[in-house]
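Structural characterization, general
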Amino acid sequence: MKVYYLPLDSSPWSPADERLLSSVSGRRQERIKKYAYDDGRRLSLYAALITRMGISLQTGIPTASLAFQAESGHKPICLTAPGLDFSFSHTKHAVLCCISEEPPVGADIERLRPAPIKIAERFFHKEETKYVWNGSEKEQSLRFFEIWTKKEAYSKQLGLGFGLSPQSYNTLSPELASRLHTWRQDGYLCSVCCEKPSPLEIITVTEETIQNFFHPCG
């Protein structure tokens with residue numbers, strides 16, 4: 001399974017971004033334009049671009065030929081490459097995207113920061129909550145985001161989002177733990193969930209990588 005990690009700075013929306021906008025679907029363009037701030041617009045744009053680039057590199061299908069379907073309440077799929085599954089997530093200044101030939105998959109990334117530990121009992125299984133609270137003061141925020149990203153990745157893998165009661169399942173159980181990969185990437189915590197245990201190939205890309213991929217002539 002290939003996992004693409006893209007750090008994004010807080011640059012304003014640029015002519016290069018505007019040029020790249022034409023490389024995503026009209027539906028995605030409309031979604032991007034609805035963001036009030038440049039950071040949100042750029043995260044949404046580059047999440048779509050990195051997904052197209054990754055699928056194209058894996059299948060050889062030109063990005064312009066890729067067709068997606070994203071119905072409300074359902075997980076997005078690539079109609080042009082039905083044998084692949086993908087999932088992406090973005091948080092402040094970073095995008096994560098996983099692409100797998102063994103569907104289904106789910107991914108989540110969260111920026112590490114002081115965590116709202118007190119909400120754990122509302123959203124976590126009792127064993128997960130205990131795991132968070134049993135950590136040292138320094139460990140609690142890291143454990144909180146470990147569980148949070150695992151739960152997001154698992155629910156995305158199922159295609160249910162948080163429509164699945166988050167308290168009803170325990171990501172630390174042996175059954176689910178074997179399907180989850182969690183790691184720290186710079187100042188972020190990342191989790192990927194897959195149906196079958198699969199080694200990850202983590203690839204760090206840059207804005208320049210993506211710009212050169214879609215517009216190689218500069």
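The text that follows walks through the structure, step by step, so that each part is easy to find. (Residues numbered from 1 in each chain as written. Predicted model: local features only at pLDDT ≥ 70, side-chain atom pairs only at ≥ 80, totals over all residues. Heavy atoms only, no water.)

Quick word on the overall build of the protein chain
Of regular secondary structure, the protein chain possesses eight helices and nine strands. Taken over the C-alpha trace, the protein chain has a radius of gyration of 18 Å; the compact-globule value for 218 residues is 17 Å, and the two agree within 12%. Projected onto the principal axes, the alpha-carbon positions of the protein chain cover approximately 55 × 35 × 30 Å. Counted over contacts in the protein chain with a minimum sequence separation of 6, partners at least 24 positions apart contribute 63%. Here the protein chain has roughly 10900 Å² of accessible surface; of this, 52% comes from carbon and sulfur atoms. (Helix = DSSP H or I, 4+ residues; strand = E, 2+ residues; numbered from the N terminus. Rg over C-alpha atoms; globule rule 2.2 N^0.38 Å. Contact = heavy atoms within 4.5 Å. Areas by Shrake-Rupley, 256 points an atom, 1.4 Å probe, with all protein chains shown as cover.)

A short note on the packing of helix α3 (residues 38–59) against helix α8 (residues 207–214)
For the pair α3 and α8, interaxial distance at closest approach is 11 Å and the crossing angle is 60 degrees. By the criterion of interaxial angle, the relationship of α3 to α8 is oblique. Along this stretch, α3 crosses α8, giving a crossing that reads as left-handed. Residue-level contacts link Arg42, Tyr46, Leu49, Ile50, Arg52, Met53, Ser56 and Leu57 of α3 to Glu207, Ile210, Gln211, Phe213 and Phe214 of α8. When its residues are assigned to classes, the contact of α3 with α8 shows eight nonpolar, two polar and three charged. (Axes fitted to C-alpha atoms, helices over the stretch in contact; angles between N-to-C directions. Parallel < 35°, antiparallel > 145°, perpendicular 65-115°, else oblique. Left-handed = near helix turned anticlockwise from the far one by under 90°. Nonpolar A, V, L, I, M, F, W, Y, C, P; charged D, E, K, R; others polar.)

Observations concerning unusual backbone geometry
Here the bond from Pro103 into Pro104 is cis, since omega is 0 degrees, no more than 30 degrees from zero. The phi dihedral of His93 is positive, around 70 degrees, even though this residue is not glycine. By relative accessible area, His93 is classed as partly exposed at 25%. One non-glycine residue, Asp186, adopts positive backbone phi at about 55 degrees. Structurally, Asp186 is set in the loop between β7 (180–185) and β8 (188–194). (Buried < 20%, exposed > 50% of the residue type's maximum accessible area, 1.4 Å probe, protein only.)

Some points on the nonpolar core
Ranked by internal contacts, the top residues of the largest apolar core, which has 29 residues, are Leu6, Leu45, Tyr46, Leu49, Ile50, Ile55 and Ile210. Every element with two or more residues in this core is listed here: β1 (2–7), α3, β5 (94–100) and α8. With nine residues, α3 is the largest single contributor of residues to this core. Leaving out residues up to four positions away in the same chain, Ile210 has contacts with Leu6, Tyr46, Leu49, Ile50 and Met53. Judged by nonpolar contacts, the second largest core, of 14 residues, contains Ala94, Leu96, Tyr188 and Val192. (Core = buried A, V, L, I, M, F, W, Y, C linked by side-chain atoms within 4.5 Å.)

Re the sheet that holds β8
Reading across from one edge, β6-β8-β7 is the order of the three strands in this open sheet, with antiparallel pairing throughout. Single-partner strands in this sheet number two, and they are β6 (105–111) and β7. Going across the sheet, the axis of each strand differs from the next one's by a mean of 15 degrees, ignoring polarity. Bridge count between β6 and β8: seven bridges; the pairing is antiparallel. Across the sheet, Ala107 pairs through a bridge with Val192, a residue of β8. Each of β6, β7 and β8 touches helix α6 (residues 137–158); the most contacted strand, β6, lies at about 150 degrees to it. (Pairing = 2+ DSSP bridges.)

With respect to the layout of surface pockets
Counted as a void, the largest pocket has a volume near 900 Å³. Contributing to the lining of the largest pocket are 32 residues, with Arg28, Arg31, Ala70, Pro76 and Phe88 lying nearest its centre. At the level of elements, α2 (26–33), α3, β2 (68–69), β4 (85–91), β6 and α6 are the ones that each hand at least two residues to the lining of the largest pocket. The element that contributes the greatest number of residues to the lining of the largest pocket is β4, accounting for six residues. Along the lines of polarity and charge, the residues of the lining of the largest pocket split into ten nonpolar, 13 polar and nine charged. (1 Å grid on protein atoms, 1.4 Å probe; cavity = no way out; pocket = protein on both sides within 12 Å on 5 of 7 lines; lining within 4 Å. Points joined across faces, edges and corners; volume = space filled by probe spheres on them.)

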